[in-house]
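Notes for the structure review
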Amino acid sequence: MIDWHWRRRLAGVRHPRRLAARLKARARHSVAPGPTETAYVLMSLGKWLPRAAKAIILRRIGRMRRRTPATVSSSYDNVRGRVRLADFDEFVFGKPGDPEIVLSDGHIRWRSRTEVRRIEREHVVSVVADACAGIRAPVVLEVGSGTGANLMLLSRRHPHIRAIGLELSPVSVELARRAAASFGLAIEFQEADVSRKLVLDIGQPVDVVFSCHALEQMPDVFSGALDNVLAIAGSEAVFFEPVGECYPKSMRGLVGRLRLIAVDYLNGLHAALVDRGTEITSVRALGFGLTPFNETVEIRVRTVGMDSPGSLGSPRIPRTDQPGI
Ligand SMILES: C[S@@+](CC[C@H](N)C(=O)[O-])C[C@H]1O[C@@H](n2cnc3c(N)ncnc32)[C@H](O)[C@@H]1O
């Protein structure tokens, strides 16, 4: 009589694919700081290096299909068309649980994505609120606001802040409006391609403008968005984006940069800010990311007294602060 334990093992031998899937799942679940993290980074180098090389060659010979506002809009319309309204926490942070391989505290590990999303959104909201400190009746604008989750958390925590979201995908704008209404939050969401010249009709100057993983979707057109952000922000602009050039000088940072090239994400945000002569006040790699190599980097730019992009004199390049690495 073979007990169930052995029966499962023998079934694995008879079905090698199932066995391989089980072993792969077990290996994924065991990724944690230490040797398994190192092994994961090395395996990922083997994955992203050839893909990045291929992307560079295809781009050089003009055969790579680039991300454009039209392709981005239709893919987000697709995804967000399937999102159902949930309670506030689930809408803003995601379904409880939802484990995956993520980046948290500067390390790659198997952990709840919901927790990482919570850490990220709370961080974004606290930095934006800090940028508003001392401003009476502040006005905050998010470019690429998606489902509006950041602004909803901001509005709930800081109801005195007027919050406005600009978003490319019409389905996302509709979803964000419905969600804000159902949570009783007075947030304005408008449809706009922020990489093109913007005409804002909001009756008030904007104090703080921020983006969160939105410029990452505009590899070819982000400079238009950057000019808009710098022209609109009366006090400060804050970017929470995967900025490859500010990634740590480590194997993980290198794989991150290769991945950004391969998936055709943002490249050159920090250099573009320096070129425009902006007053960068801080740059920090935050040590978290919903996927292990898409680390969020925070760049804060003081825009007070800036007449137009590039109007300031010589750039101040801050020291990069990279916690947990
Ligand atoms: C990864 S999502 C992030 C959404 C939101 N910022 C957040 O943190 O939850 C990127 C968003 O940027 C928007 N986006 C991309 N290109 C845009 C553009 N040119 N103008 C306005 N929004 C854009 C996308 O439609 C998408 O909703």
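Residues numbered from 1 in each chain as written. Predicted model: local features only at pLDDT ≥ 70, side-chain atom pairs only at ≥ 80, totals over all residues.

1. Re the overall build of the chain
Helices and strands together make up the secondary structure of the chain, namely 11 helices and 10 strands. Relative to the compact-globule value of 20 Å for 325 residues, the chain shows a C-alpha radius of gyration of 22 Å, a close match. Its C-alpha atoms put the chain at 80 × 45 × 40 Å along the principal axes. When the 325 residues of the chain are sorted by exposure, 38% land in the buried category. In the chain, the proportion of contacts linking residues at least 24 apart, taken out of those at least 6 apart, comes to 73%. (Helix = DSSP H or I, 4+ residues; strand = E, 2+ residues; numbered from the N terminus. Rg over C-alpha atoms; globule rule 2.2 N^0.38 Å. Buried ≥ 20, exposed ≤ 12 C-beta atoms within 10 Å, placed from the backbone. Contact = placed C-beta atoms within 7 Å.)

2. Overview of helix α9 (residues 222-232)
Regarding α9, the residues found buried are F222, A225, L226, N228, V229, L230 and I232. Looking at the buried positions of α9, the neighbouring elements they touch are β3 (139-143), β6 (208-212), β7 (236-241) and α11 (269-275).

3. Digging into helix α6 (residues 113-132)
Within an α-helix, residues lying three or four positions from one another point in the same direction, as the helix has 3.6 residues per turn. Relative to the 28 Å expected for 20 residues at 1.5 Å per residue, α6 spans 29 Å between its end C-alpha atoms, a close match to the ideal helical length. Residues V116, E120, R121, V124, V125, V127, V128, A131 and C132 constitute the buried set of α6. Looking straight down α6, one finds its buried side chains confined to an arc of 165°; they lie on one side. Trailing α6 by a residue or two, G134 shows a phi angle of about 85°, which is positive. (Expected span 1.5 Å × (residues − 1). Arc of directions from axis to C-beta.)

4. Quick word on the pairing of strand β4 (residues 162-167)
Along a regular strand, successive side chains alternate from one face of the sheet to the other. Within β4, five of the six residues are buried, leaving the element largely enclosed by the surrounding structure. Judged from the five bridges that link them, β3 and β4 form a sheet pairing that is parallel. Residue V143 lies in a different strand from β4, and its bridge partner there is L166. For the handedness criterion, the β-α-β arrangement of β3, helix α7 (residues 149-157) and β4 is classed as right-handed. Each parallel crossover has a hand, and the one from β4 via helix α8 (residues 170-182) to strand β5 (residues 188-191) is right-handed. (Pairing = 2+ DSSP bridges. Right-handed = clockwise from strand over helix to strand, strands pointing away.)

5. So, the site of the ligand
Around the ligand, a shell composed of 22 residues is seen, among which G144, G146, L168, C212 and A214 lie nearest. Elements that contribute at least two residues to the shell around the ligand include exactly α4 (69-80), α7 and β4. At three residues, the largest contribution of residues to the shell around the ligand is made by α4. (Near = placed C-beta within 6 Å.)

6. Examining the packing of α6 against α7
Two elements in contact, α6 and α7, have axes whose closest approach is 9 Å; the angle formed by their N-to-C orientations is 55°. As the angle between them shows, α6 and α7 are arranged oblique. In the packing of α6 onto α7, the handedness of the crossing is right-handed. Contact with α6, carried on its side by R121, V124, V125 and V128, involves A149, N150, L153, L154 and R157 of α7 and no other residues of that element. By residue class, the composition of the contact of α6 with α7 is six nonpolar, one polar and two charged. (Axes fitted to C-alpha atoms, helices over the stretch in contact; angles between N-to-C directions. Parallel < 35°, antiparallel > 145°, perpendicular 65-115°, else oblique. Left-handed = near helix turned anticlockwise from the far one by under 90°. Nonpolar A, V, L, I, M, F, W, Y, C, P; charged D, E, K, R; others polar.)

7. Here we look at the environment of L230
With respect to the helices and strands, L230 occurs in helix α9. On the basis of neighbour count, L230 is assigned to the buried category, with 20 C-beta atoms found within 10 Å. With 74 residues separating them in the primary sequence, L230 and V304 have C-alpha atoms 10.0 Å apart.

8. Some details on the environment of L19
Looking at the secondary structure, you find L19 in helix α2 (residues 16-29). Remark: the alpha-carbon pair of L19 and R9, spanning 10 residues in sequence, is separated by 8.5 Å.

9. Observations regarding the packing of helix α3 (residues 35-60) against helix α10 (residues 251-262)
Viewed as axis vectors pointing N to C, α3 and α10 meet at an angle of 35°, and their least axial separation amounts to 8 Å. The hand of the α3/α10 crossing is left-handed. Contact with α3, carried on its side by V41, S44, L45, W48, L49, R51, A52, A55 and I56, involves M251, R252, V255, L258, R259, I261 and A262 of α10 and no other residues of that element. Here the contact of α3 with α10 is built from residues that sort into 12 nonpolar, one polar and three charged.

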